Structure formats: structure tokens, C-alpha cells
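Structure at a glance
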Amino acid sequence: MTVKEAIPETRVVVGQQRPPAAPRTKERTWDEVPRWHIYLPLSVYLVFTLIPFYWILLFALRPSGSTSLVPWPVTGEHFEKVWNERSFGTYFQNSLLVGLATLVMTTVVALAGGYALARFDFKVKRAFMLALLCSQFVPGALLLVPLFEIFAELQMINSLSSVIIAETVFQLPLSMILISNFIKNVPYSLEEAAWVDGCNRFTSFRIIVLPLLRPGLIAVGSFAFVHSWNHFLFALMFLNNPDKQTIPVGLNTLMSADSVDLGALAAGGIIAAVPVVLVFAFIQKWLITGFSAGAVKG
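Per-chain numbering applies: the sequence of each chain, read as written, is numbered from 1 onward. Residues qualify for local features only when their pLDDT is at least 70, as the model is predicted, and side-chain atom pairs are given and counted only at 80 or more; totals for whole chains, interfaces and linings, by contrast, use all residues. The side-chain figures draw on all heavy atoms in the structure; neither hydrogens nor water molecules are used.

Right, let's get into helix 10 (residues 214-230). Here helix 10 contains 17 residues, and its C-alpha end-to-end distance of 24 Å stays within 8% of the 24 Å for a straight helix at 1.5 Å per residue. A large share of helix 10 lies buried, amounting to twelve of its 17 residues. A run of H or I in DSSP counts as a helix once it spans at least four residues, and a run of E counts as a strand once it spans at least two, with each numbered from the N terminus. For a helix, the expected span equals 1.5 Å multiplied by the residue count minus one. Think of it in three bands: residues with accessible area under 20% of the maximum for their type are buried, residues over 50% are exposed, and the middle band is partly exposed, with areas taken using a 1.4 Å probe on protein chains only.

This part is about the packing of helix 4 (residues 88-119) against helix 7 (residues 160-184). As a packed pair, helix 4 and helix 7 sit with axes 6 Å apart at the nearest point and diverge in direction by 35°. The hand of the helix 4/helix 7 crossing is right-handed. Taken together, the residues of the contact of helix 4 with helix 7 sort by class into 17 nonpolar, nine polar and three charged. To get an axis, a line is fitted to the C-alpha atoms, and for a helix only the part in contact is used. The angle between two axes follows their N-to-C directions and goes from 0 to 180 degrees. It is the rotation of the near helix from the far one that decides the hand of a crossing: anticlockwise by less than a right angle makes it left-handed, clockwise makes it right-handed. Residue type decides the class: Asp, Glu, Lys and Arg count as charged, Ala, Val, Leu, Ile, Met, Phe, Trp, Tyr, Cys and Pro as nonpolar, and the leftover types, Gly among them, as polar.

Another point: unusual backbone geometry. Outside of glycine, negative phi angles account for most residues, and trans bonds account for most peptide bonds. A positive phi angle, near 60°, is found at Ser87, a position not held by glycine. Among the structural elements, Ser87 can be located in the loop between helix 3 (77-85) and helix 4. For Ser87, a relative accessible area of 31% translates into the label partly exposed. For Asn158, which is not a glycine, the phi torsion comes out positive at approximately 65°. Along the chain, Asn158 falls in the loop between helix 6 (144-153) and helix 7. Using a relative accessible area of 30% as the deciding quantity, one classes Asn158 as partly exposed.

Before going further, it helps to examine the pattern of salt bridges. Pairs can form between side chains of opposite charge once their charged atoms are near each other. The term salt bridge refers to a pairing of a side-chain nitrogen on Lys or Arg with a carboxyl oxygen on Asp or Glu at a separation within 4 Å. Taken as a whole and assessed by the stated rule, the structure comprises two salt bridges. In this structure, the salt-bridge partner of Glu191 is Arg119, at a minimum N-O distance of 2.7 Å. Within this pair, whereas Glu191 is found in helix 8 (residues 188-196), its partner Arg119 is found in helix 4, the two being separated by 72 residues in sequence. Summarising the burial analysis for this pair, Glu191 and Arg119 share the class buried. With its nearest N and O atoms 3.4 Å apart, the salt bridge here joins Asp121 to Lys125. On the basis of relative accessible area, Lys125 is assigned to the buried category, the value being 17%.

In C-alpha cells, the structure reads:
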């Protein structure tokens, strides 16, 4: 029997359609979760998350003395009050200066230290890494007395430089660890190839490694900026002059033992939150990439 005889011949009649195939039913696997099991808890969580934000907007936008649950008519009197009468314009400038300076100093120092930890081996490297990790368990309140004594000797009390230095020191351990782990993910052979082409270590780092560290640098810098923007303790202890205060301390001045101006407090809270929201809105992609890449060793 030939191959042609073994294969049955199929004929297709013109104009005749094949019967439709039976619909395929998707069988749910044993570990598949129904969608409403996911959407319902997320919806409840979203409601509980958005209610405080709506409450802040309500107090900030509705007129004084109003008890309406809808901010209408909308007013900006509370924002004008905290910005002009309560000196929030000055607080905003001071916080912005402290945040940007802390961002730059933390990124530069953590970049240098992280590169040393990632590329060089020295005797006390393990002990130094252990010290960096242990420093994360030390609360900031324990640093107040020694830092205050140091800044008093250096005549830096009531200066924004004291807060910038304190915030940088507080942020450096975690930032250095993240940067060092991120540098380890960059192949060392790329730097060696640049050395063969005539580049020195600094030039190869600037041309080869530094562009690849952009997500990590953005993650570390944004984290340092947000933390210094929201930090209350150092600014409260080292700055006594009202013209040198930052926004967290300014929010504290809106509350007294006798009364609290809820409208002004809500407006000040929105002013304090806007820069942080904008930062995370613009860098969320780089932030997730940077922290995920710096959290593991390549």
C-alpha cells in the first residue's frame, strides 16, 4: 500500500459549509480567584483612603463657618490666609531649599560611597556594611542631643545648613546601600573595556556607569527629598527663628492648646502635600525601577 492510498482523500463540496464547532467553555482552575473577590476589597480600601483627602479638600475650599458636605461656593480665603498671614510662602521656600540641598548632597555622597562598596574590597567592608544597616534602627530623636551640641559649637543653630547636614547624615546609610547594590548590577567588564580604550576610572564611570544608574539615582534622590520635606524633628530643634522654619513646623503653629483653625490647617496640609504628589507622579516609573533594582544583588 502506498502512502497516497493510506491517507484518506477528503473532498470539499463547493457551497457547503462545515458545521460550526462547539463553543469552548473556559474552565475555572482551582486556584483562580473571581474578580469581585479582588475588586470589592480594593474598592473598600479606596473609599477609606479617599475620604480623608476629600475631608481636607472640604475644609480647605468651603467658607469659614459653613457645615456643608459639598465645598460650594468654593473659596480660597484659607489658602490666602496661610500663605500671607501665616508666612507659608517663607516656609515653602525654606522647605524647598532644604529638600533640594539634601537631595544633591545625599546623591553625591551616596554615589561615591556606593561605588567604593560595590567595586573595592577592604578589610572592614563587612563591618562597615553592618554599621550602615544597624544605623537604620537608631531613631532620629537619639541624634538630637549630639547634633545640637555639634551645631552649637559650630554656631550653626538657626541656620538651614544644620537641618540640611542632619537630613543628609540621616539619609546616607540607606541611600549608600541602594546605590551600591545598583552599581553591582552594572557589568564590571564594561568599565574594563573602557580602560582598554584609554579611559581612566573616573572617565569610564562618568561615560559608562553613570548613565545606567539613572533609575537608582532618581529613586535615592526622590526619597531623600520627600523625607527632608516631611521631617519635623530636626527643623523644630535646630531652627528657632520663625523666618527659618519649614512647612512641617509651620503646620504645627496652626494648632494651639485652645483652638484649631481647621480651614487654615487643611489649606496648609494641601500646600505641603502638592510637591510630594507631583514628585511621585513624575518619577513613579523610575522610582519603582530604581528600588527594585537596588534591592537585589545582580
